[in-house]
Amino acid sequence: MEKNMHKALYRIYRPTSFIDIVGQEQIISILKNQISEGSVSHAYLFSGGRGTGKTSTAKVFAKAVNCIDPVNQEPCHKCSVCVQGDMDIIEIDAASNNSVDNIRELRENVVYTPSYGKYKVYIIDEVHMLSQGAFNALLKTLEEPPSHVIFILATTEPQKIPATVLSRCQRFDFKKIDKNQIIARMIKILDELGLTYEEEAIELIAQKSDGGMRDALSLLDQAIAYKELTYQNVVHVIGELDYREFHGFVKGIKEKTTVTLLENLQKIEAQGKDLKVFTRDFISYTRDMMVCKSGASQLLSHSGDEIEALEESAALVDMDFIINLIETLSDLEVKIKYATKPKILIEACFIRLTKLTQMISSSSEAATLPQIEELSRKIDELELKISNLEKGVQKPKEKVIQYQEEKKAKAAMPYIDDVRLQANIDDSEKQKLEEVKARMTQVHEVLRKQKNVHLKALLMEGEPVRYVNDCIYIGYDDNFAFHKQTIETQINADHISQALTKVFDKPLKVAFIFKREMGNIKKDEIDEEKNIIEEIKQAFPDVPLEIRERED
Ligand SMILES: [Zn+2]
């Protein structure tokens, strides 16, 4: 198979009929009934875990409601609507179209009748990602939907949907797909592809995919790249660790060898293994340790070598240690679920584990309970900062100022990345930008009083277009390239930055860009991350932390 011809299995085998959708028989049967009785609803909410069939069901349903000649409520794939009617099915990914404007555009379009079929079907995926304003705009449409429109909202996190929206939708909860059904589906695909397989390999994939068909097929896809579907190949793809390595981590935590722990974590990352999978597996390992500690290792279905490693780990520590380990790692698992850089959180967790173990167990430097609580609180704060950084939420004010001063000392120019990210201005940035725009005349006034009239004139030809990491980006149209070029000297930037700081009473930087570049401004999280690492270093001066760039 040519590499550039490769199409993901889960795309090739995406269901086109209800009968191909695995594990959601009840939901399908209700939907089919609604089609045959002509009682379809105008708004649905499909909730459930990743890869449980929400979008696939939505797409088949959208086809089936419009099909002229449905067979057993399935789309016939032959009639004119089935063949040409895809333009009446509109898919929106709320993760990238989450603004009020996107939903307004949608509202303007829903009034037009469908081109081919009876219904226009809007499928909004990851709907929980919509902004508050966008939800409000959507609600207005849901309150009075045109008779030719069906909305299907899909989400993995229904608890994030406003109650007002929920109450307008008929809700279906997609459950995790049964392991045996996932196995059966994979075997069917492998047979069709004419590939041989080891049963344990399929079993392992099904177990790892945790009820999600997409995850299963994507793992299968990677594993068959080796031509043969063997257990070993799957292990390699999944990045499952040898139990001796987990034993090494337990030993490291017990013996407080923080440096070795962090180095070993680095090695695992360098091998290309998924750190989230690593964390999940480490939790399973510690749970099995508990079983061994209780003297019930015969209940575990592991190989002799694995049991040996588990027994050794269990013998090393007491039950309290194991329970603390399980609890701490389980917290970690939640924290890294959506983290783009899980490593730093895992490092903080290991430091927490070794430090707390040290304080609790060390008799020579017996720590008082308040000391332990203080340390625990400090780590909590750091972890909160890290996870806020991941979410891109606003930093506490004093932090911003300190950061600002450091930046000023370095006289660093703002960071502009010209390849990544389209303009993705969230509501809070939008609001800040409005404030800045409203007060720009005051900034002009400051410059005028300083007799910087020329600078003021240059500044007035542009307008604030982004507000990121306390830097205001002044955007110029392409035909004002001369103005942009003239204004962007360090001295001018300093003058304007001072004027901004005066008007807004906080340190602000300024940068000049073309308006077309505004999508390239990326939140400067790399420096922020370094700051957090600095704080960790200050909190734990004896732990040598190394920052390495991850190669993607
Ligand atoms: Zn049809």
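Quick notes on the rules
- Residues numbered from 1 in each chain as written.
- Predicted model: local features only at pLDDT ≥ 70, side-chain atom pairs only at ≥ 80, totals over all residues.
- Heavy atoms only, no water.
- Helix = DSSP H or I, 4+ residues; strand = E, 2+ residues; numbered from the N terminus.
- Buried < 20%, exposed > 50% of the residue type's maximum accessible area, 1.4 Å probe, protein only.
- Contact = heavy atoms within 4.5 Å.
- Areas by Shrake-Rupley, 256 points an atom, 1.4 Å probe, with all protein chains shown as cover.
- Pairing = 2+ DSSP bridges.
- Axes fitted to C-alpha atoms, helices over the stretch in contact; angles between N-to-C directions.
- Parallel < 35°, antiparallel > 145°, perpendicular 65-115°, else oblique.
- Left-handed = near helix turned anticlockwise from the far one by under 90°.
- Nonpolar A, V, L, I, M, F, W, Y, C, P; charged D, E, K, R; others polar.
- pLDDT = per-residue confidence, 0-100.
- Patch = residues over 30% accessible without salt bridge, like charges linked within 9 Å, V, L, I, M, F, W, Y side chains within 5 Å.
- Salt bridge = Lys/Arg side-chain N within 4 Å of Asp/Glu carboxyl O.
- Lys, Arg positive; Asp, Glu negative; His and termini not counted.
- Charge placed at Lys NZ, Arg CZ, Asp CG, Glu CD.
- Right-handed = clockwise from strand over helix to strand, strands pointing away.
- Expected span 1.5 Å × (residues − 1).
- Arc of directions from axis to C-beta.
- Donors = N, O, S within 2.8 Å, 3.2 Å for Na, K, Ca; no water.
- Tetrahedral: all angles 85-135°; square planar, octahedral: opposite > 155°, others 65-115°.
- Core = buried A, V, L, I, M, F, W, Y, C linked by side-chain atoms within 4.5 Å.
- Phe/Tyr/Trp six-rings, centres within 6.5 Å; stacked < 30°, edge-to-face > 60°.
- Lys NZ or Arg CZ within 6 Å of the ring centre and 35° of its normal.

Would you explain the overall build of the protein in this entry?
Secondary structure summary: the protein contains 25 helices and 8 strands in total. Sorting the 552 residues of the protein into buried and exposed places 47% on the buried side. Nonlocal contacts in the protein, meaning residues at least 24 apart in sequence, comprise 76% of its contacts between residues at least 6 apart. Carbon and sulfur atoms make up 50% of the accessible area of the protein, which amounts to about 29,100 Å² in all.

When you look at the sheet that holds strand E1 (residues 43-48) in this model, what are you seeing that I'm missing?
Strands in a sheet are paired, the pairing made by backbone hydrogen bonds, and the direction either parallel or antiparallel. An order of E2-E3-E4-E1-E5 is seen for the 5 strands of this open sheet, with the pairing classed as parallel. This sheet does not close on itself; its edge strands, each paired only once, are strand E2 (89-93) and strand E5 (170-174). Each neighbouring strand pair of the sheet contributes to a mean axis angle of 15 degrees, computed without reference to strand direction. The strands touched by helix H6 (residues 132-143) within the sheet are E1, strand E3 (120-125) and strand E4 (149-155), with E4 carrying the most contacts at an inclination of about 140 degrees.

Is there a simple way to explain the packing of helix H9 (residues 199-209) against helix H10 (residues 213-224) in this structure?
Angle between the axes and distance between the axes: these two values describe a pair of packed helices. Where H9 contacts H10, the axes come no closer than 8 Å and their chain directions differ by 140 degrees. Here H9 lies oblique to H10, going by the angle between them. Here H9 and H10 pass one another in a crossing that is right-handed. Residues Ile205, Lys208 and Ser209 of H9 touch H10, and the partners they reach there are Asp215, Ala216, Leu219 and Leu220. In terms of residue class, the contact of H9 with H10 is made up of 4 nonpolar, 1 polar and 2 charged.

Would you take a moment to explain the confidence of the model for the protein for this structure?
Note: predicted coordinates in regions of low pLDDT should not be interpreted at a detailed level. In this model, the protein carries an average pLDDT of 80, and 79% of its residues clear a pLDDT of 70 or more. The model gives residues 1-5 a pLDDT under 50, and that stretch makes 1 contact with residues more than four places away or in other chains. The low-confidence segment residues 390-422 (pLDDT under 50) makes 48 contacts with residues lying over four places distant or belonging to another chain.

Even after reading the chapter, I still don't get a negative patch on the surface, so can you show me in this structure?
A surface patch of like charges, here negative, comprises Glu198, Glu199, Glu200 and Glu228. Within the element layout of this structure, glutamate 199 appears in helix H9.

Could you clarify how one ought to interpret the pairing of E3 in this entry?
Burial within E3 is extensive, with 5 of its 6 residues counted as buried. One ladder, built from 5 bridges, connects E2 with E3; its direction is parallel. Residue pairing for E3: glutamate 91 is matched across the bridge by isoleucine 123. In the classification by handedness, the crossover that spans E2, the intervening helix H5 (residues 100-110) and the parallel E3 is right-handed. The parallel pair E3 and E4 is bridged by H6, and the resulting crossover is right-handed.

Would you take a moment to explain helix H20 (residues 427-438) for this structure?
Note: α-helices contain 3.6 residues per turn, so residues at a spacing of three or four share the same orientation. With 12 residues, H20 extends 17 Å from end C-alpha to end C-alpha; this agrees with the ideal 16 Å at 1.5 Å per step. Within H20 the residues assigned to the buried category are Glu429, Leu433 and Val436. The buried residues of H20 occupy one face: seen down the axis, they fall within an arc of 60 degrees. Seen from the buried face of H20, the exposed residues on the opposite side, beyond 90 degrees, are Gln431 and Ala438. Buried residues along H20 sit in contact with helix H21 (440-449), strand E6 (463-468), strand E7 (471-476) and helix H24 (490-504).

Would you take a moment to explain the pairing of strand E8 (residues 509-514) for this structure?
One face of the sheet, then the other: side chains in a regular strand alternate in exactly this way. The buried fraction of E8 is high, at 6 of 6 residues. Across the two faces of E8 the burial is the same, with Lys509, Ala511 and Ile513 and Val510, Phe512 and Phe514 all buried. In the sheet, E7 pairs with E8 via 6 bridges, with the strands oriented parallel. Of the residues in E8, the one forming a bridge with cysteine 471 is lysine 509.

Even after reading the chapter, I still don't get the coordination of the zinc ion, so can you show me in this structure?
When a metal carries six donors in an octahedron, the ideal angles between them are 90 or 180 degrees, while four donors in a tetrahedron ideally lie at 109.5 degrees. The zinc ion binds to the protein through Cys67 (SG), Cys76 (SG), Cys79 (SG) and Cys82 (SG), with metal-donor distances spanning 2.2 to 2.3 Å. Coordination at the zinc ion is tetrahedral: its 4 donor atoms span angles of 102 to 118 degrees at the metal.

Explanation requested: the nonpolar core in the structure shown.
One finds Ile253, Phe278, Phe282, Tyr285 and Phe350 to be the most contacted residues of the largest nonpolar core, which totals 35 residues. Broken down by secondary-structure element, the contributors of at least two residues to this core are helix H12 (243-254), helix H13 (258-270), helix H14 (275-293), helix H15 (304-316), helix H16 (319-336) and helix H17 (342-361). By size, the runner-up hydrophobic cluster in this structure holds 26 residues, among which are Leu190, Leu204, Ala206 and Ile224.

Help me out: how do you make sense of the packing of H21 against helix H22 (residues 453-460) in this one?
Here H21 crosses H22 at 160 degrees, and the two axes come no closer than 8 Å. Comparing their axes, H22 and H21 come out roughly antiparallel. As for the relative orientation of H21 and H22, their crossing is right-handed in sense. Side by side, H21 and H22 meet where Met440, Val443, His444, Leu447 and Arg448 of the first sit next to Val453, Leu455, Lys456, Leu459 and Met460 of the second. A class-by-class count of the residues in the contact of H21 with H22 yields 7 nonpolar, 1 polar and 2 charged.

Would you mind showing me how to read the sheet that holds E6 here?
A sheet is described by the order of its strands in space; here 3 strands give the open sequence E6-E7-E8, paired in mixed fashion. Edge positions in the open sheet fall to E6 and E8, since each of these has one partner strand only. Sheet twist, expressed as the average angle between the axes of neighbouring strands with direction ignored, equals 30 degrees. Contacting E6 and E7, H20 crosses the sheet at an angle of about 140 degrees to E6. On top of the sheet, H24 reaches E7 and E8; it is set at about 120 degrees to E8, its chief contact.

Where do I start with the packing of aromatic side chains in this structure?
Aromatic rings considered in pairs are described by the distance between their centres and by the relative angle of their planes. Per the counting criterion, the structure on display carries 16 aromatic pairs. Judged by centre distance (5.5 Å) and plane angle (15 degrees), the ring pair of phenylalanine 246 and phenylalanine 282 falls under stacked. On the criterion of sequence distance, the pair formed by phenylalanine 246 in helix H12 and phenylalanine 282 in helix H14 is long-range, its members being 36 residues apart. For the pair formed by phenylalanine 246 and phenylalanine 282, the shared burial category is buried. Here the aromatic residues Tyr243, Phe246, Phe249, Phe278, Phe282, Tyr285 and Phe350 are joined through ring pairs into a cluster of three or more. Across the ring face of phenylalanine 514, the terminal group of lysine 484 is positioned such that the distance to the ring centre comes to 4.5 Å.

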